[in-house]
Amino acid sequence: MTTTEIRKGWRTPAVFYRLISSSVLRAVLGWDFPAHNLRQWVEPGTGTTCVEIGSGGGFYTRPLRAHLGEKNTLVALDPAASSMMALREKLSTVDGASMLYLGGDGCKLPFASDSIDTMFYGYSLEEVPDPLAALTEAHRVLKPGGQLVVFLWRPVIMRSRRAPVQRLLDEMFTRHVVRRGPQNIRLSYRKP
């Protein structure tokens, strides 16, 4: 599959997000519980900067802010400016990391090379216009030893679209942990 074919991708219908956000359905099927997942996957430090690509409605942003704690910075990045404004208001009373809200799709990040400690894609890599370009940008901005956490939702990113993404991840980063479930794949990498 070429980069152009991956770039064309599809946009996930909103009904899928409502489906995966249903706490009853998540409990029955063992799906995502954000606070629990983040404790297992994202390693907070002190004085670190974490960028969440595709923050949208804040499914992971709220618990990520709390998980990182007050001595860290969380950058919420999403292409929809209206989402960022709503998210800022929604999180105004939540304690935790200091927040920055930026517009962007992850393919051209507004950060210096080797400047970010952690990058988190919570079911958003499938949505960026060019996933391979997004991973190249993640590699550029992550500090050496920086952590890249990617959650992929199987119904959205089928094997044919996923294979080139995973090949590039394995070429550019050092694999740390991979877990494959019936509905998702969770990956943690380090920048060498």
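This text follows the structure it describes.
How each quantity is defined
- Residues numbered from 1 in each chain as written.
- Predicted model: local features only at pLDDT ≥ 70, side-chain atom pairs only at ≥ 80, totals over all residues.
- Heavy atoms only, no water.
- Pairing = 2+ DSSP bridges.
- Helix = DSSP H or I, 4+ residues; strand = E, 2+ residues; numbered from the N terminus.
- Axes fitted to C-alpha atoms, helices over the stretch in contact; angles between N-to-C directions.
- Contact = heavy atoms within 4.5 Å.
- Parallel < 35°, antiparallel > 145°, perpendicular 65-115°, else oblique.
- Left-handed = near helix turned anticlockwise from the far one by under 90°.
- Nonpolar A, V, L, I, M, F, W, Y, C, P; charged D, E, K, R; others polar.
- Core = buried A, V, L, I, M, F, W, Y, C linked by side-chain atoms within 4.5 Å.
- Buried < 20%, exposed > 50% of the residue type's maximum accessible area, 1.4 Å probe, protein only.

Pairing within the open sheet is mixed, and its seven strands lie in the order β3-β2-β1-β4-β5-β7-β6. The sheet is open, and its two edges are formed by β3 (98-103) and β6 (174-180), each paired on a single side. The average undirected angle you get between the axes of adjacent strands in this sheet is 15°. Bridge count for strand β2 (residues 73-78) against β3 is six bridges, and the pairing is parallel. The residue bridging V75 from the neighbouring strand is L100, located in β3. Running over the sheet, helix α6 (residues 81-90) touches β2 and β3 and is turned about 145° from β2.

Now for the packing of helix α4 (residues 34-41) against helix α5 (residues 61-68). One can describe the packing of α4 onto α5 by two numbers: an axis separation of 9 Å at closest approach and a directional angle of 45°. Considering the angle they form, α4 stands oblique to α5. For the element pair α4 and α5, the recorded crossing hand is right-handed. Taking contact as the criterion, the partners of P34, A35, L38 and R39 in α4 are, on α5, P63, L64 and H67. Classifying every residue of the contact of α4 with α5 gives five nonpolar, one polar and one charged.

On to the environment of C50, then. Relative to the elements of secondary structure, C50 occurs in strand β1 (residues 49-53). Setting aside anything within four residues of it in sequence, one finds C50 in contact with L64, L68, T73, L74, V75, T118 and F120.

Now for the nonpolar core. Membership of the largest hydrophobic core comes to 29 residues, with the highest contact counts inside it found for M119, Y121, L125 and L148. If you list the elements that add at least two residues to this core, you get β1, β2, β4 (116-122), α7 (131-141), β5 (142-153), α8 (159-172) and β7 (184-190). Per element, the largest residue contribution to this core is five residues, and it comes from α7. Apart from the residues lying within four places of it in its own chain, the contact partners of Y121 are I53, A134, A138, L148, V149, V150 and F151. One finds W41, M99, F151 and W153 within the second-largest nonpolar core, a separate group that totals 21 residues.

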